[in-house]
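Results of the structural survey
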Amino acid sequence: MDAVVAKRMEEELLGTQIGRWTFDRVLGHGKSAIVFLGSSIGQQAAVKVFDREMVARFGAEIQRARMERERELVGRGGSRQTPCS
């Protein structure tokens with residue numbers, strides 16, 4: 001993901017709520033996703049949001065596999081996985 005796409009996603013999502021998580025600020029972005037600091041009922045967590053175009057290009061299953069690998073690295077910590085759309 002380039003800086004333009006990351007900025008678009010930041011503008012679209014910053015301050016919004018998805019599920020129980022409110023996106024408070026951007027922590028960074030990588031090749032296929034942007035990571036927000038999310039808050040929910042006194043908790044904070046890194047919330048990774050995949051770029052729709054990357055999911056469309058490489059497929060939802062590839063992105064789910066990447067998420068699962070990352071969850072193994074950082075632990076489950078009450079995280080909730082939602083389907084890619």
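All of the points below concern the structure found in this document. (Residues numbered from 1 in each chain as written. Predicted model: local features only at pLDDT ≥ 70, side-chain atom pairs only at ≥ 80, totals over all residues. Heavy atoms only, no water.)

**Thoughts on the sheet that holds strand β2 (residues 21-29)**
Definition in use: Pairing between strands is defined by DSSP: at least two bridges between them are needed. A helix here means a DSSP run of H or I that spans at least four residues, while a strand means a run of E at least two residues long, and both kinds are numbered starting from the N terminus. Should any heavy atoms of two residues lie within 4.5 Å, those residues are counted as being in contact. Axes here mean lines fitted to C-alpha atoms, for a helix over just the part in contact, with angles spanning 0 to 180 degrees between N-to-C directions.
With antiparallel pairing, four strands are arranged side by side in an open sheet as β1-β2-β3-β4. In this open sheet, the two edge strands, each paired with only one partner strand, are β1 (17-18) and β4 (43-50). Pairing between β2 and strand β3 (residues 33-40): six bridges, direction antiparallel. Residue pairing across strands places Thr22 opposite Ser39, the latter belonging to β3. With respect to the sheet, helix α1 (residues 3-13) is in contact with β1, β2, β3 and β4, its orientation differing from that of β3 by roughly 25°.

**Observations regarding the pairing of β4**
By the bridge criterion, eight bridges tie β3 to β4 in an arrangement that is antiparallel. Pairing of Phe36 across the sheet is with Val47, part of β4. Following β3, the chain reverses through two residues before pairing antiparallel with β4; Ile41 in that reversal takes a positive phi of roughly 45°.

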